[in-house]
Amino acid sequence: MRPAHVLLAVLVTAVWGVNFVVIEVGLDHFPPLLFSALRFLVAALPAVFFVGPPKVAWKWIVGVGLVLGVAKFGLLFIGMDAGMPAGVSSLVLQIQAVFTALFAIVALGERPGRVRVLGMAIALTGIGVAAVDEGGTGPLTAFALLIGAAACWGASNVMTRKASPPDSLNFMVWVSTVPVLPLLGLSLLFEGPSADLSALGSLDWQGVGIIVYVAWITTVFGFGAWGYLLRRHPASTVAPFSLLVPVFGMSAAGLVLNESVSALGWCAAALLVGGVGLTSLAGVRRGGAGSATAVGSGGSGGLSAVRQAG
């Protein structure tokens, strides 16, 4: 990769890592489901008028929009609102690579090699260590919600791979139109109209900046820049940079939010990042074919790595 492209890849992962801190701050301004709905609303508008018509079937846009936008991000925002720290959240979500690999075995007929199986085992061990650590310092319910979010992310990765969108930015913008109304409806039902109206009525410049960051910077810029890199370099070259996301996420959480990480937490981080690295970058065989195929983060040809932002 050219030095400029390396810098761009690092910048995108830094943007995505810092995004977890921005989400943490944003949850002080908005109820979680409303916050997620606003994120997708601003990401979709006005971009949807400039990216052209959808380039894949609507069933994939709606399916990924519901699984990724409503389920994954809904669970992520609720889990963080329930007490899951920003830095740890950026780390735990990386288990999506294991879920993606497992779902790909069932849905795509992939046969993981020994190295990939080893990577999944190491990553799952890291999650187990993280659960023990979180159980001693925070709510396990919130931790479980993050695992659920990672599972939904893995499912959406496989759906995205099946859809094979030729234009990643076009796909993400159209996917962003789907979750808005379901999330608003869920917010009205579970968070209440009064909470939503209070949050919108007290909207200040910090709140506006938070929405702009999570929508335009992490989604539109991040997805567009990552897609640009994937069009010019193999996914196996670009995807490893996504492992920097929890590094930036945990560092930013420590600097901005004074979040500390225990020795057990660092052990979990090492196991999880190492296991995800092996899981994401090892070759897979499809349907008994003997050829190995390099895959991106989460085993989705590099597309899953685009959504590391949370």
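See the structure above.
This section reports on the structure supplied with the text. (Residues numbered from 1 in each chain as written. Predicted model: local features only at pLDDT ≥ 70, side-chain atom pairs only at ≥ 80, totals over all residues. Heavy atoms only, no water.)

1. Some thoughts on the overall build of the protein
- If you tally the helices and strands in the protein, you get 14 helices and 2 strands.
- Across the 310 residues in the protein, those meeting the buried criterion constitute 54%.
- When contacts within the protein are restricted to residue pairs at least 6 apart in sequence, those whose partners lie at least 24 apart make up 88%.
- As displayed, the protein offers around 12,100 Å² of accessible surface, 71% of which is attributable to carbon and sulfur atoms. (Helix = DSSP H or I, 4+ residues; strand = E, 2+ residues; numbered from the N terminus. Buried < 20%, exposed > 50% of the residue type's maximum accessible area, 1.4 Å probe, protein only. Contact = heavy atoms within 4.5 Å. Areas by Shrake-Rupley, 256 points an atom, 1.4 Å probe, with all protein chains shown as cover.)

2. Description of the packing of aromatic side chains
- This model, assessed by the stated rule, comprises 7 aromatic pairs.
- Look at Phe35 and Phe77: their rings are 4.9 Å apart centre to centre, the planes differ by 55°, and that puts the pair in the tilted class. A residue pair is termed long-range when its members are at least 10 positions apart, and Phe35 in helix α2 (residues 32-44) and Phe77 in helix α3 (residues 58-81) qualify at 42 residues.
- Owing to a relative accessible area of 0%, Phe77 belongs among the buried residues under this scheme.
- Taken together, Phe30, Phe35, Phe40, Phe73 and Phe77 form an aromatic cluster joined through their ring pairs.
- In this arrangement the basic side chain of Arg39 is found over the ring face of Phe40, its NZ or CZ atom lying 5.4 Å from the centre.
- When the ring centre of Trp153 is taken as reference, the NZ or CZ atom of Lys72 above it lies at 4.2 Å. (Phe/Tyr/Trp six-rings, centres within 6.5 Å; stacked < 30°, edge-to-face > 60°. Lys NZ or Arg CZ within 6 Å of the ring centre and 35° of its normal.)

3. Regarding helix α1 (residues 3-26)
- End to end, α1 covers 34 Å across 24 residues, agreeing with the expected 34 Å (1.5 Å per residue, within 8%).
- Maximum bend of α1: about 25°, positioned at Asn19. (Expected span 1.5 Å × (residues − 1). Bend = angle between axes of the 7 residues up to and from the residue.)

4. Overview of the nonpolar core
- Counting 83 residues, the largest nonpolar core has Phe35, Leu76, Leu93 and Ile95 as the members making the most contacts within it.
- It is helix α11 (residues 205-232) that provides the largest number of residues to this core, a total of 10 residues.
- When near neighbours in sequence (up to four residues on either side) are disregarded, Ile95 contacts Ala123, Leu124, Ile127, Ile147, Ala150 and Leu272. (Core = buried A, V, L, I, M, F, W, Y, C linked by side-chain atoms within 4.5 Å.)

5. What to know about the side chain of Thr100
- Its place among the elements puts Thr100 in helix α5 (residues 96-107).
- Among the polar contacts made by the side chain of Thr100, one reaches the side chain of Asn157 at a distance of 2.9 Å. (Polar contact = N/O pair within 3.5 Å; in protein donor to acceptor, adjacent residues only side chain to side chain.)

6. A short note on the packing of α1 against α3
- Interhelical geometry of α1 versus α3 gives an angle of 65° and a closest axis separation of 10 Å. As judged from the angle between their axes, α1 and α3 are roughly perpendicular. Crossing handedness for the pair α1 and α3: right-handed. In contact with Phe20, Ile23 and Glu24 of α1, α3 contributes Leu76, Phe77 and Met80. (Axes fitted to C-alpha atoms, helices over the stretch in contact; angles between N-to-C directions. Parallel < 35°, antiparallel > 145°, perpendicular 65-115°, else oblique. Left-handed = near helix turned anticlockwise from the far one by under 90°.)

7. With respect to a nonpolar patch on the surface
- A cluster of nonpolar residues, Leu11, Trp216, Ile217 and Phe221, forms a patch on the protein surface that exposes about 330 Å² of accessible area.
- Of the residues forming the nonpolar patch, the biggest block, 3 residues, is contributed by α11.
- Looking at where Trp216 falls in the secondary structure, it is placed in helix α11.
- Trp216 sits in the partly exposed class, given a relative accessible area of 38%. (Patch = residues over 30% accessible without salt bridge, like charges linked within 9 Å, V, L, I, M, F, W, Y side chains within 5 Å. Salt bridge = Lys/Arg side-chain N within 4 Å of Asp/Glu carboxyl O.)

8. Regarding the pattern of salt bridges
- The full count for this structure, using the stated rule, is 1 salt bridge.
- Put simply, Lys55 and Asp167 hold a salt bridge, and the shortest N to O gap is 3.5 Å. Of this pair, Lys55 sits in the loop between α2 and α3 while Asp167 sits in the loop between α7 (140-163) and α8 (168-177); the two residues are 112 residues apart in sequence, bridging distant segments of the chain.

9. Focus: unusual backbone geometry
- The linkage connecting Leu45 with the following residue, Pro46, adopts the cis geometry, with an omega of 5°.
- By secondary structure assignment, the location of Pro46 is in the loop between α2 and α3.
- Despite not being glycine, Ser164 shows a phi value in the positive range, around 50°.
- Positive phi values are uncommon outside glycine, yet Asn258 reaches one of about 60°.
- The topology assignment puts Asn258 in the loop between α13 (245-257) and α14 (263-281).

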